[in-house]
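# Notes for the structure review
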Amino acid sequence: RLYLDCGSHPEMSSPECSDPWQLARYAAAGDRILAGLADELLRGDETLREVFVSRCNVDYAGTGSTWGSHESYLHRATPVVLHTALLPHLVSRIVFSGAGGFDNTARESLRFLLSPRVPHLLREVSDCSVGMRGVLHTKDEPLCEGGYHRLHLLCGESLCSELGTVLRFGTTALIVALVEAGAAPGRAVQLEAPLRALHDFAADPTCRASAWCLGGRQRRAVDIQRHYLREVEQRLGEP
């Protein structure tokens, strides 16, 4: 589906996808649709010399806006348990899922961030998608029957990298599957201050920044992701 969101910018939603590679293909198809519309507009209006279409997660023109890229996952896990398992993952996955860019909230200097959307995430958990956004969104619409829930995430960014898109959705879906199977993959990496850790990780392009976990151990974002990788590998092949 392609439409104008709030009458100001185009927004596209993919159909339901069964794997992250399929989703990456639909994202690429969306790019071609927009490129085709730009060509049609240029051919149909002789007063136009150029039509420019860009992918950008934050506005650098002075409005301070952000758009990002929402995610939805179908699951049967208990939402509260799922949120606990996911928060360390969402905070640390920006080492491969961040779009890269400058902090558009900084007024006096340029500051590069792994994820320029991070300054716009002001809470760990929130039910709002426009202001006071949270890393985790509590929206849980009953869009189908059978005990299913919709996990709706708005902390992510639109990426130019197809590999980054596959990793972003694939890793998150695996953690959701682990929780559905009764595992607690985030228990050992719970962060003392998730929001502060997110900002520290985003501000360090060397990926060496670390954050305190409950229990008194410091971990880098990469360390947390490797922990989740081991959790998944240990349960491969299980029903």
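A brief look at the structure comes next. None of the values given here were measured: they were computed from a predicted structure.

### Points about the packing of aromatic side chains
As enumerated under the stated definition, the model contains two aromatic pairs in all. Seen from their ring centres, F102 and F112 are 6.2 Å apart, and the 85 degrees between their planes marks the pair as edge-to-face. Taken as a pair, F102 in strand β4 (residues 101–102) and F112 in strand β5 (residues 112–113) lie far apart in primary sequence, ten residues in all. The ring of Y3 carries R1 above its face, with NZ or CZ at 4.3 Å from the centroid.

### Concerning unusual backbone geometry
Phi at C207 takes a positive value of approximately 60 degrees, unusual for a residue other than glycine. Here C207 lies in the loop between α5 (194–202) and β9 (210–213).

### Here we look at the side chain of R219
Structurally, R219 is set in strand β10 (residues 217–220). Discounting chain neighbours no more than four positions away, the residues touching R219 are A188, V189, F201, A209, S210, A211, C213 and I224.

### Some details on the pattern of salt bridges
Counted by the stated rule, this structure contains five salt bridges. Linking R220 and D223 is a salt bridge whose minimum nitrogen-to-oxygen distance equals 3.0 Å. By relative accessible area, which is 31% here, R220 ends up partly exposed. Here the residues in one salt-bridge network are E71, R93 and R168, joined through shared partners.

### Describing the pairing of strand β7 (residues 133–137)
Buried residues dominate β7, accounting for five of its five residues. Where strand β6 (residues 121–126) lies against β7, four bridges are found, and the strand directions are parallel. Note that in β7 the partner of S126 across the bridge is H137.

### Some details on α5
Of the residues making up α5, those classed as buried are P194, L195, A197, L198, F201 and A202. Projected down its long axis, α5 shows its buried positions confined to an angular sector of 160 degrees, all on one face.

### What to know about the environment of W21
Note on placement: W21 falls in helix α1 (residues 20–44). Considering only alpha carbons, one finds W21 and L167, 146 residues apart in sequence, at a separation of 9.3 Å.

### Things to note about the environment of V53
Inspection of the secondary structure assignment puts V53 in the loop between α1 and β3 (71–75). Expressed as a C-alpha distance, the spacing of V53 and A35, which sit 18 residues apart in the sequence, is 7.6 Å.

### A closer look at the packing of α1 against helix α4 (residues 162–180)
Orientation of α1 relative to α4, taken along the N-to-C sense of each, is 135 degrees, at an axis distance of 9 Å. Classified by the angle their axes make, α1 and α4 are oblique. When the axes of α1 and α4 are compared, the crossing they make is right-handed. Here α1 contributes P20, W21, L23, A24 and A28 to the contact with α4, which in turn contributes E162, T165, V166, F169 and G170. Grouping the amino acids of the contact of α1 with α4 by side-chain chemistry returns seven nonpolar, two polar and one charged.

Thresholds, definitions, all that
- Residues numbered from 1 in each chain as written.
- Predicted model: local features only at pLDDT ≥ 70, side-chain atom pairs only at ≥ 80, totals over all residues.
- Heavy atoms only, no water.
- Phe/Tyr/Trp six-rings, centres within 6.5 Å; stacked < 30°, edge-to-face > 60°.
- Helix = DSSP H or I, 4+ residues; strand = E, 2+ residues; numbered from the N terminus.
- Lys NZ or Arg CZ within 6 Å of the ring centre and 35° of its normal.
- Contact = heavy atoms within 4.5 Å.
- Salt bridge = Lys/Arg side-chain N within 4 Å of Asp/Glu carboxyl O.
- Buried < 20%, exposed > 50% of the residue type's maximum accessible area, 1.4 Å probe, protein only.
- Pairing = 2+ DSSP bridges.
- Arc of directions from axis to C-beta.
- Axes fitted to C-alpha atoms, helices over the stretch in contact; angles between N-to-C directions.
- Parallel < 35°, antiparallel > 145°, perpendicular 65-115°, else oblique.
- Left-handed = near helix turned anticlockwise from the far one by under 90°.
- Nonpolar A, V, L, I, M, F, W, Y, C, P; charged D, E, K, R; others polar.

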